[in-house]
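The residues making up each chain are set out below.
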Amino acid sequence: MLTPSSNSVLEPVTGALLEGCADVTAHFSRFRVTEIGLSQAALGQFDLEPILTAADLLADARVAAILWNGTSGSWLGFDADERLCREIEGRTARPASTSTLAFRDLFQAKGFSRIGLVTPYTADVQRRIQATWRAAGFACTAERHLGLSENFAFAEVDSASISGMVRAVAAEGVDAVAIVCTNLAGAPLALELEAELNIPVVDSVAVTLWKGLRLAGRRMDDLAKMSKILIHD
């Protein structure tokens, strides 16, 4: 997993999701990301070279797959993530994917087109995500966001706030809810919210792990803490 430097959620959550899956381990390599926004400085954090350097270090551990565990492709464009994956695969000879591509793969496979979008981001970033996802066939007209830009602050959002946003978009009528941010602690809430709302609730960290396990050729049976749609895929 390629990890934003200021992220404090995805590593412990990934470990918790892997409990009971004794033959799988997750490994992490960081590069600097501290702010989410559309300024030149914020967008420049996702230049390829620092990410590829981090990927090279993971390849030294002979991992089975490498994933960018971040959602920047949602506002930079799916093509940006596809290019990143091609570069990683060319340099490391490992299959690669990203959080954003994992969402797209899952929702296309399930035929979901109306997505409730939940993020901690600012309004301009949220609009960019909606446009990016709409171009891929996902209407995110039901959305909630918190207006935050400091990446570290995303991890401090409480469970009640996340659950409230999920309930709000679900009430507008969607096929599934996407919690888009790997530093927002949505994964531990997904199963309970699914039972309450009777729709899939898919968190970024969980869907990235789902995609990584698929790339590594592993089964999902032991991942009891994940969204049901991921466990039974």
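Parameters and conventions
- Residues numbered from 1 in each chain as written.
- Predicted model: local features only at pLDDT ≥ 70, side-chain atom pairs only at ≥ 80, totals over all residues.
- Heavy atoms only, no water.
- Pairing = 2+ DSSP bridges.
- Helix = DSSP H or I, 4+ residues; strand = E, 2+ residues; numbered from the N terminus.
- Contact = heavy atoms within 4.5 Å.
- Axes fitted to C-alpha atoms, helices over the stretch in contact; angles between N-to-C directions.
- Disulfide = S-S within 2.5 Å.
- Phe/Tyr/Trp six-rings, centres within 6.5 Å; stacked < 30°, edge-to-face > 60°.
- Buried < 20%, exposed > 50% of the residue type's maximum accessible area, 1.4 Å probe, protein only.
- 1 Å grid on protein atoms, 1.4 Å probe; cavity = no way out; pocket = protein on both sides within 12 Å on 5 of 7 lines; lining within 4 Å.
- Points joined across faces, edges and corners; volume = space filled by probe spheres on them.
- Nonpolar A, V, L, I, M, F, W, Y, C, P; charged D, E, K, R; others polar.
- Lys, Arg positive; Asp, Glu negative; His and termini not counted.
- Salt bridge = Lys/Arg side-chain N within 4 Å of Asp/Glu carboxyl O.
- Polar contact = N/O pair within 3.5 Å; in protein donor to acceptor, adjacent residues only side chain to side chain.
- Right-handed = clockwise from strand over helix to strand, strands pointing away.

(A) Local environment of the sheet that holds strand E8 (residues 201-203). The four strands are arranged E6-E5-E7-E8 in an open sheet whose pairing can be described as parallel. The sheet is open, and its two borders are formed by strand E6 (143-144) and E8, each paired with just one other strand. Two elements, strand E7 (residues 176-179) and E8, share three bridges in a ladder whose sense is parallel. Bridge assignment links Ala178 to a residue of E8, and that residue is Val202. Strands in contact with helix H7 (residues 123-135) are strand E5 (115-118), E6 and E7; relative to E5, the strand with the most contacts, it is inclined by about 155 degrees. In the packing of helix H11 (residues 204-215) onto the sheet, contacts are made with E7 and E8, and the angle to E8 comes to roughly 80 degrees.

(B) Main features of the state of the cysteines. Per the counting criterion, the structure on display carries zero disulfides. Free of any disulfide, Cys140 has its nearest neighbouring cysteine sulfur in Cys181, separated by 15 Å.

(C) Inspection of the packing of aromatic side chains at higher detail. Applying the stated criterion across every chain yields a total of 11 aromatic pairs. Look at Phe103 and Phe107: their rings are 5.7 Å apart centre to centre, the planes differ by 35 degrees, and that puts the pair in the tilted class. Of this pair, Phe103 and Phe107 both sit in helix H6 (residues 99-110), four residues apart, roughly one helical turn. The same class applies to Phe103 and to Phe107, which are both buried. Geometrically, the ring pair formed by Phe107 and Trp133 is edge-to-face, given 6.4 Å between the ring centres and 65 degrees between the ring planes. Taken together, the residues span a long stretch of sequence, with Phe107 in helix H6 and Trp133 in helix H7 at a distance of 26 residues. A relative accessible area of 0% means that Phe107 is categorised as buried.

(D) Here's a closer look at the layout of surface pockets. In this structure, the largest pocket spans a volume of roughly 340 Å³. Taken together, 18 residues make up the lining of the largest pocket; nearest its centre are Val24, Thr25, Ala64, Ala65 and Ala216. The greatest single-element share of the lining of the largest pocket, amounting to three residues, is contributed by H11. Residues belonging to the lining of the largest pocket are distributed by class as follows: 12 nonpolar, three polar and three charged. Space inside the second largest pocket adds up to approximately 160 Å³. Lining the second largest pocket, in full, are Phe46, Asp47, Leu48, Ile51, Trp68, Ser72, Leu76, Ala80, Asp81, Arg83 and Leu84. Counting residues per element, the lining of the second largest pocket draws most heavily on helix H5 (residues 78-92), which supplies four residues. Residues belonging to the lining of the second largest pocket are distributed by class as follows: seven nonpolar, one polar and three charged.

(E) Just the side chain of Asp203, in detail. Mapping Asp203 onto the fold places it in strand E8. This buried residue, Asp203, is left without a salt bridge; Lys225 holds the nearest opposite charge, at 13 Å. Of note is the side chain of Asp203, whose polar atom sits 3.3 Å from the backbone nitrogen of Ala206. Once residues within four sequence positions are removed from consideration, Asp203 is found in contact with Phe103, Ile179, Cys181, Leu184, Gly186 and Ala187.

(F) How the structure looks around the pairing of E5. Going residue by residue along E5, you find Ile115 and Leu117 tucked away on one face and Gly116 and Val118 tucked away on the opposite face as well. Across four bridges, the pairing between E5 and E7 is parallel. By the bridge assignment for E7, Val118 is matched with Ile179. Pairing of E5 with E6 involves two bridges; the strand directions are parallel. Bridging across to E6, Leu117 finds its partner in Glu143. Handedness of the crossover joining E5 and E6 through H7: right-handed.

(G) Summary view of empty space enclosed by the protein. Under the definition given, this model contains one cavity of 30 Å³ or more. Of the voids in this model, the largest cavity is the one considered here, and its volume is about 90 Å³. Around the largest cavity, the lining comprises 15 residues; the ones closest to its centre are Pro4, Ile36, Thr71, Tyr121 and Asn151. In the lining of the largest cavity, the residues fall into eight nonpolar, seven polar and no charged.

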